[in-house]
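# Chains, contacts and geometry: an overview
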Amino acid sequence: GGTAVHFLRDGDGVVALADARLAEIANTEVEQLLSLRVVELVEVTLRKLTIGDDVRKEKTRSYLHNAQGVWVNQGVETEARELKGLLDQLLFPRAERHLTPAERVELTGIIGVMFAQDDGALVGYRIGRVASGPLAGRCVYLNDALRQSLAPDATLYEQLDALLGH
């Protein structure tokens, strides 16, 4: 013998017995089931990267992904060496965890990261610092679906901030 729970699906009139583990899974918060990746990108399909200050809009850096697979400064055919330590973090941002709707926070100093794919689609996210509350000072990702995700640390934000010359 194992442990069972009563289970009734929406629309059913008959109660079934199910393994107790099903109740645990059914009661799991959706945020715990989502991938911790902020965006899903495939580098070979990317053509352009734009990093910009979402608030002042005056500081923006643009890069092109050339046919040799090298990121270059837009308007110049030299390799964008300033991206060397940043590319993996930009392409594969991972969250520590997703914030629940009740934990949503106000962000300051928001920096936008936008990729243009070879089919013309735009995929991006933003990163900013939490303005106040228990997470004040921490960094949070905001994806295109407006889901907020807690960044594991401030490294990417600080590097982007320095790149934009703030």
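Rules behind the numbers
- Residues numbered from 1 in each chain as written.
- Predicted model: local features only at pLDDT ≥ 70, side-chain atom pairs only at ≥ 80, totals over all residues.
- Heavy atoms only, no water.
- Patch = residues over 30% accessible without salt bridge, like charges linked within 9 Å, V, L, I, M, F, W, Y side chains within 5 Å.
- Areas by Shrake-Rupley, 256 points an atom, 1.4 Å probe, with all protein chains shown as cover.
- Salt bridge = Lys/Arg side-chain N within 4 Å of Asp/Glu carboxyl O.
- Buried < 20%, exposed > 50% of the residue type's maximum accessible area, 1.4 Å probe, protein only.
- Helix = DSSP H or I, 4+ residues; strand = E, 2+ residues; numbered from the N terminus.
- Contact = heavy atoms within 4.5 Å.
- Pairing = 2+ DSSP bridges.
- Axes fitted to C-alpha atoms, helices over the stretch in contact; angles between N-to-C directions.
- Arc of directions from axis to C-beta.
- Core = buried A, V, L, I, M, F, W, Y, C linked by side-chain atoms within 4.5 Å.

### A short note on a nonpolar patch on the surface
Taken together, the side chains of Phe7, Leu22 and Ile25 define a hydrophobic patch exposed on the protein surface, amounting to about 260 Å² of accessible area. Overall, Ile25 belongs to the exposed group, its relative accessible area being 55%.

### Let's talk about the environment of Val38
Considering the arrangement of structural elements, one finds Val38 in the loop between helix 2 (30-33) and strand 3 (46-53). Residue Val38 is classed as buried on the basis of its relative accessible area, which comes to 5%. For the pair formed by Val38 and Asn66, sequence separation is 28 residues and the distance between their alpha carbons is 25 Å. In contact with Val38, not counting residues within four places along its chain, are Pro93, Arg94, Ala95, Tyr125, Tyr141, Asn143 and Arg147.

### A short note on the sheet that holds strand 3
What the eight strands build is an open sheet, ordered 5-4-3-7-8-9-10-6; its pairing is antiparallel. Both edges of this open sheet fall to strand 5 (71-73) and strand 6 (97-98), since each of them pairs with a single strand only. Summarising the sheet, strand 7 (residues 107-117) and strand 8 (residues 122-130) pair through eight bridges and their orientation is antiparallel. Residue pairing for strand 8: Ile111 is matched across the bridge by Ile127. This element, helix 4 (residues 155-163), spans strand 3, strand 4 (60-65), strand 7, strand 8 and strand 9 (139-143) of the sheet and lies at about 100° to strand 8.

### Some points on helix 4
Those residues of helix 4 lying buried are Leu156, Tyr157, Leu160 and Leu163. Buried residues of helix 4 fall within an arc of 125° about the axis and therefore sit on the same side. The elements touched by buried residues of helix 4 are strand 3, strand 4, helix 3 (87-91), strand 7, strand 8 and strand 9. Of the residues one or two after helix 4, Gly165 is the one with positive phi, at around 75°.

### What to know about the pattern of salt bridges
Inspection of the entire model under this criterion finds nine salt bridges. The closest approach of N and O atoms between Asp12 and Arg9, which form a salt bridge, is 2.9 Å. Where Arg97 meets Glu103, a salt bridge forms, and the shortest distance between an N and an O atom there is 3.0 Å. Assessed through its relative accessible area of 30%, Arg97 is described here as partly exposed. On the basis of relative accessibility, which here comes to 26%, the residue Glu103 falls in the partly exposed class.

### A closer look at the nonpolar core
Residues Leu49, Ile51, Leu83, Leu90, Phe115 and Leu160 are the most contacted members of the largest nonpolar core, which totals 29 residues. Among the elements of the structure, strand 3, helix 3, strand 7, strand 8, strand 9 and helix 4 are those that each provide at least two residues to this core. Here this core gets four residues from one element, more than from any other, and that element is helix 4. The residues touching Ile51, leaving out its near neighbours within four places in the chain, are Lys59, Thr60, Arg61, Tyr63, Leu83, Leu90, Ile111, Gly112, Leu160, Leu163 and Leu164. Membership of the second largest hydrophobic core comes to nine residues, among which are Leu107, Ile110, Val130 and Leu150.

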